[in-house]
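# Structural overview
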Number of protein chains: 2
Amino acid sequence: MTVENLSSNKSFGGWNKQYSHQSKSLNCAMRFAIYLPPQASNGQKVPVLYWLSGLTCSDENFMHKAGAQRIAAELGIAIVAPDTSPRGSDVADDEGYDLGQGAGFYVNATQAPWNKHFQMYDYIVHELPALVESMFPVTDKRSIAGHSMGGHGALVIALRNSAAYQSVSAFSPISNPINCPWGKKAFTAYLGRDTAAWSDYDASTLMRNASEKNGQSFVPALVSQGEADNFLSEQLKPEVLAAAAKNSGYPLVLESHEGYDHSYFFISSFIEQHLKFHAEHLSD
Amino acid sequence: MTVENLSSNKSFGGWNKQYSHQSKSLNCAMRFAIYLPPQASNGQKVPVLYWLSGLTCSDENFMHKAGAQRIAAELGIAIVAPDTSPRGSDVADDEGYDLGQGAGFYVNATQAPWNKHFQMYDYIVHELPALVESMFPVTDKRSIAGHSMGGHGALVIALRNSAAYQSVSAFSPISNPINCPWGKKAFTAYLGRDTAAWSDYDASTLMRNASEKNGQSFVPALVSQGEADNFLSEQLKPEVLAAAAKNSGYPLVLESHEGYDHSYFFISSFIEQHLKFHAEHLSD
């Protein structure tokens, strides 16, 4: 397995790095970024927060704009930010910004032509953590977070793999994709017209059906939503997630913030709160 | 005078805004960004830090990547980030990234075709502060900072207008442009082949000749430089600035940081120190 280091930038005493590797799940070269806090350079192993970005983003947006490194350095947490889809000239794509490259939606596609490369769920749940834990001085304690499409991905992945994550958080997640235009378009393309296959990737459905049976605990969840977000009512629907949590007794903390929108100006304003939330659970 | 508000994003309880206005100095439409901390929404006037960006940047890079809003909100300082040159299809340009649009070098050009629009020195020193102080709840207490080409601009402007600024700081400034490839190329184009006109825009020359005569005080100066900066020895030459300060007794604090490069990963790591330095002098 060849892994290529693309960049290294010192940041808050640690290192922000980008890598490219041949992904088996995605059947193409894949890029991810990692922030290693100073503690990871001192012979210490640190836990990892996985960050899933939103539509049109790459591995870079969060690392450049969220201001997370300062807090990760303070808390001793690594952050891994993968790209948002497979990429390349031989990877299927669509003219829309909300389907195809840059819009993987963190699902395993079952429909052609998407199923050849768009296996983002497997990549995030299995391949990427295995690679990260083999390459870097990190523990296998993991949390997961994301924004918008990535908030959807983080919630779905934590809800379906509760033993693997200490905590989950999301900014402005697509909370009920089976009932919004972005989700319907992507799920129809990736998963087909039979909507029975969709609910496994719907955070609200999963949270409504979540239980602590069979020794599995709920993964503590924090969701932050801006009230001036242009996508709030049509695409994001946090009220459906809140109702689902109420139904199942899920420990969801959903915070609403007056005046904030869908941008990184919102994420950067509250990323410290999210990282401290994860740090608390990663140190358990 | 028409000033158009292009964007407004809530950030750390304050507002990040972009404006476009017709600039008299530059003879074209010009864009700038401003961060107004929460204190400015509470009927209070706040001091202003002007931030000058480097080559290829616009008014957005610093506001998106430096993580400055968090600290500005805490300290109660507005930040104004202008674009780095005049722009537009009728504005002269060059194929190189280091001349023309995106590379104004904060000088008043005297040579055609540049002299029609490239009057960035006048814009930053006179037109922009007058506009900002007429539009926003700010005091006339100003500091100035910048990165690379903008570090050069900030130092030159503070050294030549010591009564107008409380403090100056720079990351990785082009400290001695009359003796480096970037500076020689730009100054030849903008100011002509007669190098006598160049020294008014050379921070090292100005600092070497600075004095506290005639009731003028030195403007306190902080410069941060990464030791792994690719441009360090050929383009930036902080050692020339340090020697100049020693010669004139100028209160320059020059800090060197092991492992850091020329990127925003460096700036974001030390922007808190710079903002606190300015806050101390702005509250005098």
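About the criteria used
Residues numbered from 1 in each chain as written. Chains lettered and ligands numbered in written order. Predicted model: local features only at pLDDT ≥ 70, side-chain atom pairs only at ≥ 80, totals over all residues. Heavy atoms only, no water. Pairing = 2+ DSSP bridges. Helix = DSSP H or I, 4+ residues; strand = E, 2+ residues; numbered from the N terminus. Axes fitted to C-alpha atoms, helices over the stretch in contact; angles between N-to-C directions. Contact = heavy atoms within 4.5 Å. UniProt positions renumbered as here; feature names shortened; annotations may be inferred. Buried < 20%, exposed > 50% of the residue type's maximum accessible area, 1.4 Å probe, protein only. Least-squares fit on C-alpha atoms with pLDDT ≥ 70 in both.

### Focus: the sheet that holds strand 2 (residues 14-23) of chain B
Residue and element names in this part refer to chain B.
- One open sheet accounts for nine strands, arranged 1-2-3-5-4-6-7-8-9; its pairing is mixed. Edge strands, defined here as strands with exactly one partner in the open sheet, are strand 1 (3-11) and strand 9 (252-257). Neighbour-to-neighbour, the strand axes of this sheet turn through a mean angle of 20°, independent of strand direction.
- Judged from the four bridges that link them, strand 3 (residues 28-36) and strand 5 (residues 78-82) form a sheet pairing that is antiparallel. The partner of phenylalanine 32 across the bridge, within strand 5, is proline 82.
- Taken strand by strand, helix 4 (residues 149-160) contacts strand 4 (46-52), strand 6 (138-147), strand 7 (168-171) and strand 8 (221-226), and its axis lies near 135° from that of strand 6.
- Packing of helix 9 (residues 264-282) onto the sheet brings it into contact with strand 4, strand 5, strand 6, strand 7, strand 8 and strand 9, and relative to strand 7 it is tilted by some 175°.

### Quick word on the UniProt feature "active site" (unreviewed entry) in chain A
Residue and element names in this part refer to chain A.
- Within the UniProt annotation, "active site" (unreviewed entry) is assigned to Ser148, Asp229 and His262. What stands out for the annotated residues spanning 115 residues is how close their C-alpha atoms remain, the widest pair being 10.8 Å apart.
- Here aspartate 229 is to be found in the loop between strand 8 (221-226) and helix 7 (232-236).
- Assessed through its relative accessible area of 5%, aspartate 229 is described here as buried.
- With sequence-adjacent residues up to four places away left out, aspartate 229 is seen in contact with Ser172, Leu236, Tyr260, Asp261 and His262.
- On the secondary structure map, histidine 262 appears in the loop between strand 9 (252-257) and helix 9 (264-282).
- Look at histidine 262 and you get buried, because its relative accessible area is 14%.

### With respect to the side chain of Gln69(B)
- On the secondary structure map, Gln69(B) appears in helix 2 (residues 69-75).
- Not counting residues up to four positions away in its chain, the partners in contact with Gln69(B) are Phe265(A), Ser11(B), Phe12(B), Asn16(B), Tyr35(B) and Met63(B).

### Describing the relation of the copies chain A and chain B
- Superposition of chain A onto chain B requires a rotation of 180° combined with a translation of 0.0 Å along the rotation axis, giving an RMSD of 0.0 Å. Taken together, the rotation and translation describe the operation of a two-fold axis.
- When the interface residues of chain A are mapped onto chain B, 100% of them again lie at the interface, so the same face is used by both copies.

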